[in-house]
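Residue-level structure breakdown
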Amino acid sequence: MSEGEDAPMRCADEDTDETKKDDDSLLCMPTELDKKYARESTEKSLLRADFEFTTTNGTFTVRAYRALAPNAFDRFRGLVNEHFYRKTVVYRSLTGYGVQFGIASEPSLAKRYDPNKNATCVVGDESEKTLETTTSNKRGWVAFGTSLGHVSRSDSSGGDSDSNDKIYHDRTSEIFINMRDNSKDLDAKCLPFAEVTDGMDVVEKLYSGYGEMSDEIMCNETQSLGFKCDGPSRTELFDSGYSGVLQKYPKLDAILYAEEIALQEKGSLIDARGEGGGFFYFVLSCTILGFLACFFRMHVVNRRRKTVARRASKYTAYVASEQDDLSQLHQTLREQFAAANEGVSVDIKVESEKLKSRVIEQMNERRQQRGSAANPFISSSSLELEDGDQHLEQRSGDDTSNNDVNTIRF
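Residues numbered from 1 in each chain as written. Predicted model: local features only at pLDDT ≥ 70, side-chain atom pairs only at ≥ 80, totals over all residues. Heavy atoms only, no water.

Structural notes on the overall build of the protein
On a plain count of helices and strands, the protein comes out with 13 helices and 13 strands. Each of the 410 residues in the protein was classed as buried or not, and the buried ones make up 44%. The contacts in the protein between residues at least 6 apart in sequence include a share of 72% that link residues at least 24 apart. As displayed, the protein offers around 21,300 Å² of accessible surface, 48% of which is attributable to carbon and sulfur atoms. (Helix = DSSP H or I, 4+ residues; strand = E, 2+ residues; numbered from the N terminus. Buried < 20%, exposed > 50% of the residue type's maximum accessible area, 1.4 Å probe, protein only. Contact = heavy atoms within 4.5 Å. Areas by Shrake-Rupley, 256 points an atom, 1.4 Å probe, with all protein chains shown as cover.)

As for the state of the cysteines
On inspection of all chains with the given rule, the structure shows two disulfides. Here C11 engages in a disulfide with C28; their sulfurs sit 1.9 Å apart. In this structure, the disulfide formed by C11 and C28 twists by about -90° around the S-S bond and is classed as left-handed. Here C28 lies in the loop between α1 (18–22) and α2 (30–44) and C11 lies in the segment before α1, a separation of 17 residues in the sequence. Both residues of the pair, C11 and C28, count as buried. Here C219 connects covalently by a disulfide to C229, the sulfurs 1.9 Å from one another. Here the disulfide of C219 and C229 is right-handed, its torsion about the S-S bond being about 85°. Pair noted here: C219 is in helix α8 (residues 216–222) and C229 is in the loop between α8 and α9 (234–248), with a separation of 10 residues, a long-range link. Given a relative accessible area of 17%, C219 falls into the buried group. (Disulfide = S-S within 2.5 Å.)

Some remarks on the pattern of salt bridges
Applying the stated criterion across every chain, the model contains 17 salt bridges. Across the pair D74 and R66 runs a salt bridge, and its minimum N-O distance is 2.9 Å. Across this residue pair, the class does not change: D74 and R66 are buried. Where E126 meets R171, a salt bridge forms, and the shortest distance between an N and an O atom there is 3.3 Å. Placement of the pair is E126 in strand β6 (residues 126–127) and R171 in strand β9 (residues 171–178), with a sequence separation of 45 residues. Of the two residues examined, E126 and R171, each falls in the buried class. Several salt bridges converge on common partners, so that one network encompasses E40, K44, R77 and E260. (Salt bridge = Lys/Arg side-chain N within 4 Å of Asp/Glu carboxyl O.)

Focus on α2
Between its terminal C-alpha atoms α2 stretches 21 Å, which fits the 21 Å expected from 15 residues at 1.5 Å a residue. Those residues of α2 that sit buried are P30, L33, D34, Y37, E40 and S41. Seen from one end, α2 has its buried residues packed into an arc of 135°, which puts them on one side. Relative to its buried face, α2 has exposed residues pointing more than 90 degrees away, namely T42 and E43. In this structure, the buried residues of α2 make contact with β1 (46–55), α3 (70–81) and α4 (107–112). Just past α2, the residue S45 takes up positive phi, approximately 50°. (Expected span 1.5 Å × (residues − 1). Arc of directions from axis to C-beta.)

Points about α9
Compared with the 21 Å implied by 1.5 Å per residue over 15 residues, the 14 Å span of α9 between its first and last C-alpha is markedly short. At G241, α9 is bent by approximately 125°, the largest bend along its length. By the burial criterion, the buried members of α9 are E236, L237, F238, G241, Y242 and V245. Here the buried face of α9 lies against β3 (88–89), α4, β9 and β11 (254–265). (Bend = angle between axes of the 7 residues up to and from the residue.)

Description of the environment of Y113
Structurally, Y113 is set in the loop between α4 and β6. Measuring from C-alpha to C-alpha, the distance between Y113 and M29 comes to 9.2 Å, with 84 residues separating the pair along the chain. In this structure, Y113 is in contact with L27, P30, L33, R75, L79, F84, C121, T172, S173 and F238, ignoring residues within four places of it in sequence. A polar atom in the side chain of Y113 sits 2.6 Å from the backbone oxygen of L27. (Polar contact = N/O pair within 3.5 Å; in protein donor to acceptor, adjacent residues only side chain to side chain.)

Details of the nonpolar core
In this structure, F53, F76, Y85, F101, I175, I177 and F193 are the most contacted members of the largest nonpolar core, which totals 59 residues. By residue number, the principal contributor to this core is α3, which donates five residues. Non-local contacts of F53, meaning those with residues more than four positions away in its chain, are made with G58, T59, F60, V62, F76, V80, Y85, F101, I255, Y257 and A258. (Core = buried A, V, L, I, M, F, W, Y, C linked by side-chain atoms within 4.5 Å.)

Looking at the pairing of strand β5 (residues 98–101)
The alternating pattern of β5 places G98 and Q100 and V99 and F101 on opposite faces, both of which are buried. Sheet analysis places strand β4 (residues 92–94) next to β5, joined by three bridges and oriented antiparallel. Following the sheet pairing, S93 is matched in β5 by V99. The antiparallel pairing of β4 with β5 creates a hairpin that spans three residues between the two strands, and G96 there sits at a positive phi of about 75°. (Pairing = 2+ DSSP bridges.)

Focus: the confidence of the model for the protein
Overall, the predicted model of the protein reaches an average pLDDT of 74, with 58% of residues at or above 70. Put simply, strand β13 (residues 406–409) is where the protein has its lowest mean pLDDT, 33, and strand β2 (residues 58–65) is where it has its highest, 97. Note on residues 1–5: pLDDT under 50 across the span, and 10 contacts to partners over four residues away in sequence or across chains. Every residue in residues 148–168 is under pLDDT 50, and counting partners more than four places away or in other chains gives 38 contacts. (pLDDT = per-residue confidence, 0-100.)

Considerations on the packing of aromatic side chains
In this structure the tally under the stated criterion is 17 aromatic pairs. Ring centres of Y210 and Y249 lie 5.3 Å apart, and the angle between their planes is 85°; this geometry places the pair in the edge-to-face category. Of this pair, Y210 sits in the loop between α7 (200–205) and α8 while Y249 sits in the loop between α9 and β11, and the two are 39 residues apart along the sequence. Considered together, Y210 and Y249 belong to a single accessibility category, that of buried residues. Each residue in the set F51, F53, F60, F76, F84, Y85, F101, Y113, F144 and F193 is aromatic and connected to the rest through ring pairs, giving one cluster. (Phe/Tyr/Trp six-rings, centres within 6.5 Å; stacked < 30°, edge-to-face > 60°.)

Structure below.
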């Protein structure tokens, strides 16, 4: 760990006079910190921000989205930019579950963000009316840790505790990174507002040998997952400071430094989730058009199939009728095709052979039943059934004296 980095500034003790308190850094006044960065976010219409965290084990990058939780976004930006996370221990690393850090290295500053000692340090509740959308505690997503067992401000203010408009209380400065999908267990407690976009392998390598924190309430929370509870307690973290904690838990990794490396102003949440917002819309548009084209094509194909089926039934009905005189074929088929086509031009070449064979078979059968010879002019080689500009032809294959060509056009 670099010794050249300065530790976070100290805050005036609670028992000091007001004059010294007025000299406190902005970081020592959570409410004023939130106001400053909320105003900046509003003025710049901030959409997202990228932060780089340098640890004793490597570097990882976090991208925060204001649309997911505006108050959390503003608090997080303020803490990073005011160097709150400089030299803070990663006191909770549970393999395959999650990593947590964010208690200041200086006890005087840490106490300013302890909700049990300073109720004003809690991040303002997110209003469901202002949230554009929400996400879940899936692997790689980041949320503020919540203080278990502490009474929320909206409950203590005498407001309607059953209201669903205010959610996710007691967030201060502690950050939790999900190392698996914890949606089922944590979505009711923690609201994700950021995600690790690079360096998740670094997060996974942060020392986890101590297991869960030694506090009974924390130990009981993850006892079913099989973690031992040899980590530092909350009392040690808030009272001993960075040096004191590392003396007792020397293998713990730490956040050496955190800084804001990029901002994006204005746009939509889709733009914020990736650099290719325009490309996303292009792909989405192409996908929708593709589905519409497929639907239209299926509709037309089905319509054509039904038309061909109707034609086949009408041919059968005609051949089975008493009208087997070829002189009437022209007008009859024209009427049948007009009724069947319904204005749709259909290629029935696939069905033409079936139709020809049925016409030939049934017409010759009809003639034989009447004692007449089969019509020599009707054969599979001479009868053609097509639509459009094609035609039905009856030609003589044997009788060369018959030069008449009967043509029916549709």
